[in-house]
Structure formats: structure tokens, C-alpha cells
Amino acid sequence: MQITAVSTSELKWEGETLALGVFEGDTECADLDKRLGGVLAEVMAEAEFEGKSGSSVVTRVGSSSPIRKVILVGLGKAEDWQLEGMRSAAASIARLAKQNYVKGLGVCLPPLESDNATASAIAQGIILALHSDRRFKSEPEEQKLKLETVEILGINDAGDAIAQAEALSSGTILARELVAAPANSVTPITLAETAQQLAADYGLELEILEKAECEKLGMGAYLGVAQASDLPPKFIHLTYKPQSTPRRKLAIVGKGLTFDSGGLNLKTGGSGIETMKMDMGGAGATLGAAKAIGQIKPDVEVHFIVAATENMISGHAMHPGDILTASNGKTIEVNNTDAEGRLTLADALVFAEKLEVDAIVDLATLTGACMVALGNNIAGLWSTDDTLADELKKAAEAAGEKFWQMPIEEKYFEGMKSQYADMKNTGPRAGGSITATLFLKQFVEKTPWIHLDIAGPVWADDTSGVNNSGATGFPARTLVHWVLS
Ligand code: BES
Ligand code: MN
Ligand code: ZN
């Protein structure tokens, strides 16, 4: 599928299928209707189409017309029109184009901000909505995608916006596919192989620390989690370096539990153990961001870090109550083996800080508590640095991904006190996503830092906006926008 931008308006464009966005109460489209012999007014009246957001009609136009089919999508009220609506409208158009066997599509949506922003939003909406993951089906898709060309109409100069949208989308799709793949397909070993492939494809540097090297670095927290698995841990450190002196150095640290059984605090009845392949959502988005950054090539150095492992049970599993020593020397009483993500992140954060970067962002499917607080659409954000938090929020806004800043309430760390070790790994039930953050904070000394709890948004139950049901690839696009900012 090839996406291009052209300055042609919907009144001049000739091609197979024209997709047009229509605002509520603005359904006249007189000039275009005239051009198409009155078919628009007719079909809109027949379908009682009023331009409401989420509504649509598709019709065939007479064979003498310069256009063969028309897709109308409702955009809601003109005063509410924003880039997020643009991405969603483009996604709806793409789904309808697929259902209607469209080969050549012209898309006309009211522009916003700039030609660049408009073209990018439309391209992302189309690519992300059309992604369909059939890797684990024995049969190919019933209805193959026929779409070959997409022309975004009314754009004078999109610059490299479409190429950038393609890079962002490819990163999101990689993240989705890593998260959607089951734990017998994506393992610490295959995650390391994916990193290796990215390094080869985009000229990134790659260092994989094997278990022995992690031992040498004293990563007792990470290795404690890994010790019951039959699969070896793989500590992944992928680096993008620009040609010239970097404007900034950043680290992105993703939680990479390719399966979280809970350990001996086993996830029992109703705890969703069967969904725990997605516990590497942070790692998925981290590698997804690396894929996009590798293509976009900004003037920023970025370290992508994943302490990959499984959380399993066996005769050599951690016992609840074990005391571990992390690579910064701090000791942890593991009062719950199911709070494993923070143990792996502890050593990954210490490693990241040693790289002397300007900022660290970690992202993790860390707590059920964050889902209770913010639901499935919104991730939690904690930061030790307000400027950095604002940067990330702006990037999220540009990406169309939602975060809500939460407090770092130091007092709650009292709940993590251990009689014998420096801390426990879990506190009381109340404020569970905040105590998880306070735990992580013990492993970042001075670098400006953001923690993102993405347990909710990595997975979608339904198709909505650019997301199809299943893995979303959240928040790969926010990370890329942040790096570029
Ligand atoms: N991976 C889970 C968090 C999670 C739960 C993500 C549900 C997505 C959906 C994490 O490792 C975990 O088990 N957290 C525990 C922490 C508790 C033991 C303090 C939780 O949230 O219940
Ligand atoms: Mn867990
Ligand atoms: Zn987990």
C-alpha cells in the first residue's frame, strides 16, 4: 500500500473511491454532489446520515462519474475537530475501504494545524487500523486487503510527514506483535533476537548481557526473578547514536516479563494468569520505539534497555520472604513474588543511570492497582522532574495517547519497611501503584526520571480509534515523539 499526499481537492480528484469527512449539520456538500449527479444528497437522506461522529455511509456512484464509490464518515461537531478525531476518522475510512474491496482511495478530511500534522494523522490512522495479525492462524485472511494506493487530498506540502508516520506505525505494529505473541513464541531469547534484528536493520549498537555478566554486575533483584525459569535471562541494551554529537542522551527502560505466573505467589483463579504474555508490554513498546527511531534518525542518543525474563515456579524459585541484593547494594525482602516487575526494573534503572543520560523513562505493565485507578485507556505517570513530565505529556498529546500524572507520596514508603532488609517489594493494597513507584525510586539516584504504568492501555478489548482489539502498541508513539521533542 502506497500513501501519498496531493494538492488536488475532492472536487477535482479522479479515482476509484473518494472518502470524505462530513461535520454534523454540514451535510450539504453541494458542489461535490453536483459533480456526482446528486447521489450524495440521495444517499445521505436515505441513510439519515447527519455527520455524527462514528456514523458512515458507503455508496456506488454511476459508472459515468469520475469517481466510482464514495465513503462518507461523520466527524461530529466542527468545533470539536482535533487530531485524535482525524486519526479515528482515517481509521474508520480504512476499515470501510477494506470491507468494500477498495483498491484506490482518495481521502479528504478537514485539515488541522498544518499539512504535515494532517497528513501524518491520516496516514497513521489508515496504517494502524489496517494492521491485522494472522501470524498464529492456519488460514490466510478471508478477505484480503485490496487497497493499493491512498491519496491524501488537499495537501500542498507534507514534507517527510508520511515517511515519519510510516516509521511511527511500523514501531507501533512491532510493539503490538510482540505483545500479542504468546509466551511460547516471545521469550527472553526471541526478544534478544528481535533486538539483534533491529540492530542489523537500522545500524544500532547492541549489547546482550548474559546471566553471568548480570551476576558480575550484582543484579540480584533481576536474577532472583529469573531463577525459576528454564529459559535464560537476557539483559538487552540497544543503542541508537546519531552521526553528529547528540543534542541529548536518553534512556528508555521497558519491563520485559515474557510471562508472569506470579511465582510462588501464583496468580490463582480469576487473576488473569492466561493474559500474562502481555507483561512485556513495556519491552514491546521500547523495541517498537527503537524501530521507529532507527528509521527517523534524530540527533539524540537513545538507550533502549530491557531486563527480559519470565516469572515462573520450580524447585529453585524464589521463596516468598527471600532477601535479594540489587546492583546498587540495596537489599529487598521479597514479601510477594508476584511483584516481580519492579525487581527486574530496579537493576535495569541502576544500569541506565550509569550511562550518564539526561533523562530516564521506564514503562511497565506494573500494577493492577493502576488499572483500578485509571481504567484501560489511561496510563499512570510519575515523575521526579516537572519539566520532564511536561515534555512527556506534550509528546503524548501529539501521539494521541493518554497519561495522567500521579503523586509520588513519600510517606507511603513507610508501608514498604522491612524489619531485616532495606525494604520489602510490596506495601499495603491501598495506593499500590504509588508504592510500586516509590520502590523504583530507590534505584534512581539523581537522573530526572519518569515512571509510566501502562498495565491498562497495552491491551484493548474492542476496536476503537486506531486500535484494533488486542495489543495496542501503547505507548511506542509517545516515546518517539518525546525523543524527537
Ligand atoms: N504484571 C502484573 C501487573 C498486571 C496485572 C498487569 C494485571 C496487567 C494486568 C504485576 O507483576 C503484578 O503481578 N502486580 C501485582 C502487585 C502486587 C503483588 C503488589 C498486582 O498488581 O496485583
Ligand atoms: Mn506479577
Ligand atoms: Zn508482572
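Residues numbered from 1 in each chain as written. Chains lettered and ligands numbered in written order. Predicted model: local features only at pLDDT ≥ 70, side-chain atom pairs only at ≥ 80, totals over all residues. Heavy atoms only, no water.

(A) Focus on the overall build of the protein chain. Summing up its helical and strand segments, the protein chain has 14 helices and 19 strands in all. By the compact-globule yardstick of 23 Å for 485 residues, the protein chain fits well, its C-alpha radius of gyration being 24 Å. In terms of overall dimensions, the protein chain has a C-alpha envelope of 80 × 55 × 45 Å along the principal axes. Here the protein chain holds 485 residues, and 56% of them are scored as buried. (Helix = DSSP H or I, 4+ residues; strand = E, 2+ residues; numbered from the N terminus. Rg over C-alpha atoms; globule rule 2.2 N^0.38 Å. Buried < 20%, exposed > 50% of the residue type's maximum accessible area, 1.4 Å probe, protein only.)

(B) Geometry of the coordination of the manganese ion (ligand 2). The manganese ion (ligand 2) binds to the protein through Asp260 (OD), Asp338 (O), Asp338 (OD) and Glu340 (OE); the donor distances cover 2.0 to 2.2 Å. Relative to the metal, the six donor atoms surrounding the manganese ion (ligand 2) lie at angles of 71 to 166°, and the coordination shape comes out irregular. Expressed as a motif, the donor residue spacing for the manganese ion (ligand 2) is D-x77-D-x1-E. The class of Glu340 is buried, set by a relative accessible area of 1%. (Donors = N, O, S within 2.8 Å, 3.2 Å for Na, K, Ca; no water. Tetrahedral: all angles 85-135°; square planar, octahedral: opposite > 155°, others 65-115°.)

(C) Seen up close, the site of ligand 1. Around ligand 1, 17 residues are found, and the nearest of them are Lys267, Asp279, Asp338, Glu340 and Gly368. Here a nitrogen atom of ligand 1 sits 3.3 Å away from a polar atom, N or O, in the main chain of Thr365. Protein contact buries 79% of the 510 Å² of open area that ligand 1 shows by itself. Where the shell around ligand 1 is concerned, the elements lending two or more residues are β9 (249-260) and α11 (368-374). (Near = heavy atom within 4 Å. Polar contact = N/O pair within 3.5 Å; in protein donor to acceptor, adjacent residues only side chain to side chain. Areas by Shrake-Rupley, 256 points an atom, 1.4 Å probe, with all protein chains shown as cover.)

(D) Seen up close, the coordination of the zinc ion (ligand 3). Looking at the metal site, the zinc ion (ligand 3) is ligated by Lys255 (NZ), Asp260 (OD), Asp279 (OD) and Glu340 (OE), spaced 2.0 to 2.4 Å from it. Relative to the metal, the six donor atoms surrounding the zinc ion (ligand 3) lie at angles of 78 to 174°, and the coordination shape comes out octahedral. Counting the intervening residues between successive donors of the zinc ion (ligand 3) yields the motif K-x4-D-x18-D-x60-E. Metal-to-metal, the separation of the zinc ion (ligand 3) and the manganese ion (ligand 2) is 3.2 Å; Asp260 coordinates the two. Linking Asp260 in strand β9 with Glu340 in the loop between β12 (331-333) and α10 (341-354), this pair joins segments that are 80 residues apart in sequence.

(E) Local environment of the environment of Arg477. Along the chain, Arg477 falls in helix α14 (residues 476-484). Classification of Arg477 by relative accessible area gives buried; the value is 4%.

(F) Structural detail: the environment of Leu479. Mapping Leu479 onto the fold places it in helix α14. The spacing of Leu479 and Gln442 is 37 residues in sequence and 23 Å in space, taken between C-alpha atoms. Apart from the residues within four sequence positions on either side, Leu479 is in contact with Ile252, Ala285, Thr286, Ala289, Val361 and Leu363. (Contact = heavy atoms within 4.5 Å.)

(G) Here's a closer look at the packing of aromatic side chains. Under the defined criterion, the tally for this structure stands at five aromatic pairs. The rings of Tyr222, Phe235 and Phe351 are connected pair by pair, giving a single aromatic cluster. (Phe/Tyr/Trp six-rings, centres within 6.5 Å; stacked < 30°, edge-to-face > 60°.)

(H) View of the sheet that holds strand β11 (residues 323-325). Spatially, the three strands line up as an open sheet ordered β11-β12-β16, and their pairing is mixed. Two strands bound the open sheet, and with one partner strand each, they are β11 and β16 (423-424). (Pairing = 2+ DSSP bridges.)

(I) Focus on the domain arrangement of the protein chain. Domain annotation for the protein chain reports domain 1 (2-137 + 144-158) and domain 2 (168-484). The C-alpha centroid of domain 2 is placed 38 Å from the C-alpha centroid of domain 1. The interface of domain 1 with domain 2 comprises 14 residues on the first partner and 20 residues on the second. Together domain 1 and domain 2 conceal approximately 1,400 Å² of surface at their shared face, both sides included; 53% is due to carbon and sulfur atoms. (Domains from an automatic or database assignment. Buried area = accessible area lost by both parts, 1.4 Å probe.)

(J) Layout of the nonpolar core. Counting residues in each nonpolar core, the largest one holds 59 residues, and the members touching the most others are Leu191, Leu238, Phe304, Leu452 and Trp482. Examining the composition of this core, we find that seven residues originate from one element, helix α9 (residues 281-296), more than from any other. The residues touching Leu191, leaving out its near neighbours within four places in the chain, are Leu178, Val186, Ile236, Thr258, Ala283, Leu287, Val306 and Ala308. Core analysis: the next-biggest nonpolar cluster, separate from the first, contains 45 residues, Leu209, Met219, Met406 and Phe439 among them. (Core = buried A, V, L, I, M, F, W, Y, C linked by side-chain atoms within 4.5 Å.)

(K) Spatial organisation of the side chain of Ser261. Along the polypeptide, Ser261 turns up in the loop between β9 and α9. Only 3.1 Å separates the side chain of Ser261 from the backbone nitrogen of Gly263, close enough to count as a polar contact. Here Ser261 is in contact with Leu266, Lys267, Ile273, Asn311, Met312 and Ile313, once residues within four sequence places are set aside.

(L) Geometry of the pattern of salt bridges. For the structure on display, the rule yields 17 salt bridges. With its nearest N and O atoms 2.9 Å apart, the salt bridge here joins Lys52 to Glu50. Its relative accessible area of 42% is what places Lys52 among the partly exposed residues. Where Lys393 meets Asp390, a salt bridge forms, and the shortest distance between an N and an O atom there is 4.0 Å. Of this pair, Lys393 and Asp390 both sit in helix α12 (residues 386-399), three residues apart, which is roughly one turn of that helix. Among the residues examined, Asp390 registers a relative accessible area of 40% and is labelled partly exposed. When salt bridges with common partners are traced through the structure, they connect Lys255, Asp279 and Glu340 into a single cluster. (Salt bridge = Lys/Arg side-chain N within 4 Å of Asp/Glu carboxyl O.)

(M) Molecular detail of the sheet that holds strand β13 (residues 359-364). Ordered by their spatial adjacency, eight strands build an open sheet running β7-β8-β10-β9-β13-β17-β14-β15, and the pairing between neighbours is mixed. Each having just a single partner strand, β7 (205-209) and β15 (402-405) make up the two edges of the open sheet. When strand polarity is set aside, the average angle formed by the axes of neighbouring strands in this sheet is 20°. Sheet topology places β9 next to β13; five bridges connect them, and they run parallel. When the sheet's bridge partners are listed, Val253 is paired in β13 with Asp362. Those strands touched by α9 are β8 (234-240), β9, β10 (301-311) and β13, and its axis lies near 135° from that of β9. Those strands touched by helix α13 (residues 432-441) are β13, β14 (378-383) and β17 (449-453), and its axis lies near 145° from that of β17. (Axes fitted to C-alpha atoms, helices over the stretch in contact; angles between N-to-C directions.)

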